[in-house]
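The chain contents come next:
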Amino acid sequence: MEGILDDSYFMKKALQEAEVAYGLGEIPVGAVIVVQGRIIARAHNLTERLHDVTAHAEMQAITAAANFLGGKYLHRCTLYVTLEPCQMCAGALYWSQIPRIVYGAHDPQRGFAAMGAQMHPKTEIIGGVLEHEAATLMKQFFIEKRNLN
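The shown structure was predicted, so the numbers you read here are calculated from the model rather than taken from an experiment.

Caption draft 1: The arrangement of the overall build of the chain in detail. The helix and strand inventory of the chain stands at six helices and five strands. When the helices and strands of the chain are listed from N to C terminus, the series reads α-β-β-α-α-β-α-β-α-β-α. Its C-alpha radius of gyration of 14 Å places the chain within 12% of the 15 Å reference for a compact globule of 149 residues. Referenced to the eigenvectors of the C-alpha coordinate spread, the extents of the chain come out at roughly 45 × 30 × 30 Å. Out of the 149 residues in the chain, the part that is buried amounts to 48%. Across the chain, contacts joining residues at least 24 apart in sequence account for 59% of those joining residues at least 6 apart. Just so you have it, the chain exposes about 8,100 Å², and 54% of that area is on carbon and sulfur atoms.

What follows is the structure, encoded as structure tokens:
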């Protein structure tokens, strides 16, 4: 069900999660996982709150979706995330065998492509969906953070 016409709808839901992270003082990355047009997991960065470098939005979403599905593989699912996944998240997504990843803003410094990380060979990757909105939220967060310090 999810596809090119629905990508912006689900990315807006991921952006809502990013805004929650922003409000908590977390780097504003949000994610949702969708199966058959239904959101089964919502998450945002929690690295500061949990004191855990692995608590990225994608990692939180993978865990929630796996719990919902009752298994470790995310077959037939799509991940919508506001920022290109990092190398760590790319590894977890690889092992989850998720068939589709849609992200908003590119991360030319720490994104999986820049780091040389590989996604599962059968995973379709679409970048740049609502990129302006995702990048603007990220830039605003870091501008405010610099001004506070």
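Back to the text.
Caption draft 2: Up close: the nonpolar core. By size, the foremost hydrophobic cluster in this structure holds 39 residues, and its most contacted members are Ile33, Leu79 and Tyr80. Elements represented by at least two residues in this core include exactly α1 (7-23), β1 (30-35), β2 (38-44), α3 (57-69), β3 (77-83), α4 (87-96), β4 (100-105) and α6 (131-148).

Caption draft 3: Expanded view of the UniProt feature "binding site: Zn(2+)" (unreviewed entry) in the chain. The UniProt feature table records "binding site: Zn(2+)" (unreviewed entry) at His56, Cys86 and Cys89. Across 34 residues of sequence, these annotated residues stay compact in space, with a maximum C-alpha separation of 9.3 Å. Looking at where Cys86 falls in the secondary structure, it is placed in the loop between β3 and α4. What makes Cys86 buried here is its relative accessible area of 17%. Judged by relative accessible area, Cys89 falls into the buried class, the value being 0%.

Quick notes on the rules
Residues numbered from 1 in each chain as written. Predicted model: local features only at pLDDT ≥ 70, side-chain atom pairs only at ≥ 80, totals over all residues. Heavy atoms only, no water. Helix = DSSP H or I, 4+ residues; strand = E, 2+ residues; numbered from the N terminus. Rg over C-alpha atoms; globule rule 2.2 N^0.38 Å. Buried < 20%, exposed > 50% of the residue type's maximum accessible area, 1.4 Å probe, protein only. Contact = heavy atoms within 4.5 Å. Areas by Shrake-Rupley, 256 points an atom, 1.4 Å probe, with all protein chains shown as cover. Core = buried A, V, L, I, M, F, W, Y, C linked by side-chain atoms within 4.5 Å. UniProt positions renumbered as here; feature names shortened; annotations may be inferred.

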